[in-house]
Amino acid sequence: MDELTPLHPNYVKVVRLAALGAMLPFAIGALVLEQASVLPTGAFIVPVLLAGLYLVIRAPLRRYHARGYQMGDDRLRVVRGLVFRSDTVVPFGRVQHIDVEQGPVERGYGLATLVLYTAGTHNASVSLPGLAHSDALEMREAIRARVKRETL
Amino acid sequence: MTALAAPPPEAWRRTSPLSFVVGAILSLRSAALPVVAGMIGTGMWRQGWLVVAPSLAALLGFTALFSYIAWRHFRYLVGENDIRVERGLFSRTARAVPYERIQDVSLEQTLIPRLFGMVDVKFETGAGGKDELRIRYVTAAEAAALRATVRARKAGEESVAGILETVTEDPSRLLFAMDLKRLATFGVFEFSLVVFAVLGGAAQQFDFLLPYDIWDFRHWLELLAGPGHRLQELGVMTQAIGAALALTVLALLGLVTGLGRTVLRDYDFRLEDTPKGLRRRRGLLTRTDAVMPLHRVQALKVTTGIVRRRFGWHGLSVVSLAQEAKSGNQVVVPFARMDEIAPVVETAGFALPDDTTEWHRASRHQRTHAIALTVVPFALLAAAVGALGRYIPDLATGLPLLAAFGAAALGALLGLREWHLWRRRRHAIDARQLFVEHGWLAPRLDIAARVKLQSVEIAQGPLGRRGGYADLKFGVAGGELEMHGVPIEAARAISAAVLDSIVAVDFSRLPG
């Protein structure tokens, strides 16, 4: 197998921010339970903090290393997944249309997500996050040039 | 749509005048039940015919009037480049659909329109469901002409008049038909107890009409204690006869339901090979007529049933792009021998697996893991329940042991099922196609053309990485195709081979 192109390093930060957002309710809940002091001090906040540290610091980095893509002449390969790995290839000849999406956080870091739509029921859309916005646009143009017709 | 040249007013056409009669009857039919329910509910029906009759007459009048207005304000035009439809009295809707966007024209006849010789014409654009353009209702001749026109225009021919004949003279070859005997056999295998679900549902809906509350358990107890009491005194022999009688009635009901549904749906089933694709006509009361263009067939499914498999009966469905909104599955041969299915498969541009097909099994590790995943939780459960019985003596003796035994038995059964599933699952790849066979009691064979696949995914879970196997998932337009537990090296090889044949043919230039 050929070498995969890694995503933009900023992608780690985007995932971390998302993880932080997801952890927030748990942290607040743990603090409230600590205040109620039903169990000895630290019974809630310590495990939550440890889990949070892993999910915010370590997991995004591993996730980032697990992801990658490979832009070929006639196909795009997207690899993702830490525990459940998936390796998807979409031939450009089967692409129906292409989106470049940008969420608020992604925009802040100058990233974008490239989404390829196919006519298949399975993998109707294949998204590739964590690309530099300019790269995503470039890839879109390159793919579009090879899609002979936009729709059926 | 840019400014369209206004067509002459005389080019516009109305649907058949009979269609407003049909429309009125149909809306009356759907209005009847709520109205009757309303009358009963408000107690209006008690006030005699003097009140009821005028209200019914008013309902009839309004329905007819609305139906007439709807008919009056519906018109359509078969233009040079598109079909246009205008409708509505206050809010007018105008829609133009270019011919090249129309995938197909399907004709449908439900019972009441059929009595009047009316046809519902549907233009399939891929918009799906409600958004499709429909012309309701026209005469059968007009429907055929509309279909012919659209097809001819799609094909890019010049005048309408000239083509009509060529299209109606299309040579069509009968591929498959079911006579009454076959239909009856099919009906027997379609044995269904769905009637009880329907009866149960109806009982729940209309229980206010019943003399007692059927959901009240005590009432049934009383019934048993009363006349039912005599049953207990009749002795074992009579009880056994009674039970046998009940089972017979059950079997008869299931048989009749199956036969009835099958005859209604598949009466006079005909599948023809026409230049426009596979044409299927079927139905007793609601007769449908649909054409599936061959180039839109993405994959095939050869299906069977638990019992009918033993007698060598199979069915064939096509997966196509046309019915994205629905299931994407169309039955083309409902019930036949394999040698009757083979020519249809061939006509559709596919081939059944033969002796040269190299079948492969899923990885043995996958089998081990799948069995372990089902058996281990049950074994743990059985052990836990057994232990519970040991340490809590208050529990009724024997009960925990029985539960533990049950859990163990269930686990063993499910494990056996997994083993059987693995044994039945196999896949193959040849120069043109992919084959996947899977299923436990009623194995199914999926056939897909390599060039018509949309994407390839290799998915691997933690167990798959340990055992060195993966699932291969293919994107099929309108369906799914998956090879389970393929050894990773083989999976990579299949993926690469399929991708190579996909990129060799551009989607928009697929044959057909």
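Cut-offs used in this document
- Residues numbered from 1 in each chain as written.
- Chains lettered and ligands numbered in written order.
- Predicted model: local features only at pLDDT ≥ 70, side-chain atom pairs only at ≥ 80, totals over all residues.
- Heavy atoms only, no water.
- Axes fitted to C-alpha atoms, helices over the stretch in contact; angles between N-to-C directions.
- Helix = DSSP H or I, 4+ residues; strand = E, 2+ residues; numbered from the N terminus.
- Left-handed = near helix turned anticlockwise from the far one by under 90°.
- Contact = heavy atoms within 4.5 Å.
- Pairing = 2+ DSSP bridges.
- Patch = residues over 30% accessible without salt bridge, like charges linked within 9 Å, V, L, I, M, F, W, Y side chains within 5 Å.
- Areas by Shrake-Rupley, 256 points an atom, 1.4 Å probe, with all protein chains shown as cover.
- Salt bridge = Lys/Arg side-chain N within 4 Å of Asp/Glu carboxyl O.
- Buried < 20%, exposed > 50% of the residue type's maximum accessible area, 1.4 Å probe, protein only.
- Domains from an automatic or database assignment.
- Buried area = accessible area lost by both parts, 1.4 Å probe.
- Core = buried A, V, L, I, M, F, W, Y, C linked by side-chain atoms within 4.5 Å.
- Polar contact = N/O pair within 3.5 Å; in protein donor to acceptor, adjacent residues only side chain to side chain.
- Nonpolar A, V, L, I, M, F, W, Y, C, P; charged D, E, K, R; others polar.

1. Overview of the packing of helix α1 (residues 18-42) of chain B against helix α2 (residues 49-72) of chain B
Residue and element names in this part refer to chain B.
- As a packed pair, α1 and α2 sit with axes 9 Å apart at the nearest point and diverge in direction by 145°. Read as a crossing pair, α1 and α2 show a hand that is right-handed. Between α1, through S19, F20, G23, A24, S27, L28, V35 and M39, and α2, the contact on the second element is made entirely by V52, S55, L56, L59, L60, T63, A64, S67, Y68 and W71.

2. With respect to the sheet that holds strand β6 (residues 133-139) of chain B
All names here are of chain B.
- A sheet is described by the order of its strands in space; here seven strands give the open sequence β6-β5-β4-β10-β9-β8-β7, paired in antiparallel fashion. Of all the strands in the sheet, just β6 and β7 (173-177) have a single pairing partner and so form its edges. Between one strand and the next, the sheet's axes are offset by a mean angle of 20°, whatever the strand orientation.
- With five bridges joining them, strand β4 (residues 104-109) and strand β5 (residues 118-124) adopt antiparallel strand pairing. In the sheet register, D104 faces β5, and the bridge partner there is E124.
- Where helix α4 (residues 140-154) meets the sheet, it contacts β4, β5, β6, β9 (277-282) and β10 (287-292), and its direction lies at approximately 140° from that of β6.

3. Looking at a nonpolar patch on the surface
All names here are of chain B.
- Taken together, F191, L193, F196, L199, L247, V249, L250 and L253 make up a surface patch of nonpolar side chains, about 670 Å² in accessible area.
- When contributions to the nonpolar patch are tallied by element, the ones reaching two or more residues are α7 (194-205) and α10 (236-266).
- In terms of residues, the nonpolar patch owes the most to one element, α10, which gives four residues.
- Position of V249 among the secondary structure elements: in helix α10.

4. Some words on the pattern of salt bridges
Residues and elements named next belong to chain B.
- A complete count under the given rule lists 24 salt bridges over all chains for this structure.
- Of the charged contacts, one joins R134 and D120 as a salt bridge, the two residues approaching to 2.6 Å between their closest N and O atoms. A residue pair is termed long-range when its members are at least 10 positions apart, and R134 in strand β6 and D120 in strand β5 qualify at 14 residues.
- Relative accessible area serves as the criterion here: at 30%, R134 is assigned to the partly exposed category.

5. Some thoughts on the domain arrangement of chain A
Residues and elements named next belong to chain A.
- Taken domain by domain, chain A consists of domain 1 (10-65) and domain 2 (67-146).
- Computed from C-alpha atoms alone, the centre-to-centre distance between domain 1 and domain 2 is 30 Å.
- If you look at the interface, domain 1 gives nine residues, while domain 2 gives eight residues.
- A buried area of about 900 Å², summed over both sides, lies between domain 1 and domain 2, and 68% of it is on carbon and sulfur atoms.
- In terms of surface lost to domain 2, no three residues of domain 1 exceed Y11, V14 and R63, which account for 51% of the buried area on that side.

6. Here we look at the nonpolar core
- In this structure, L271, L300, L316, V332, V333 and F350 of chain B are the most contacted members of the largest nonpolar core, which totals 30 residues.
- Here this core takes four residues from strand β13 (residues 329-336) of chain B, the largest share from any one element.
- Ignoring sequence-local partners within four residues, the contact set of L271 of chain B consists of R173, L174, L175, F176, L278, R279, R280, V332, V333 and V344 of chain B.
- Formed by 24 residues, the second largest nonpolar core is a distinct cluster that contains L7, Y11, V15 and A136 of chain A.

7. Concerning the pairing of strand β1 (residues 75-78) of chain B
Residues and elements named next belong to chain B.
- As judged from the four bridges shared by β1 and strand β2 (residues 82-87), these two strands associate in the antiparallel manner. In the strand pairing of β2, R75 is matched with E86.
- Connecting the antiparallel pair β1 and β2 is a turn made up of three residues.

8. Digging into the interface of chain A and chain B
- If you look at the interface, chain A gives 27 residues, while chain B gives 33 residues.
- Counting the surface lost from both chain A and chain B, the interface buries some 2,500 Å², and carbon and sulfur atoms represent 54% of this.
- The closest approach of N and O atoms between D500 of chain B and R75 of chain A, which form a salt bridge, is 3.0 Å.
- At the junction of chain A and chain B, the tally comes to 14 residue pairs in polar contact (both at pLDDT 80 or more).
- If you list the elements that add at least two residues to the side of chain A that touches chain B, you get β2 (75-80) and β3 (85-91) of chain A.
- Among the residues forming the side of chain A that touches chain B, the class breakdown is nine nonpolar, nine polar and nine charged.

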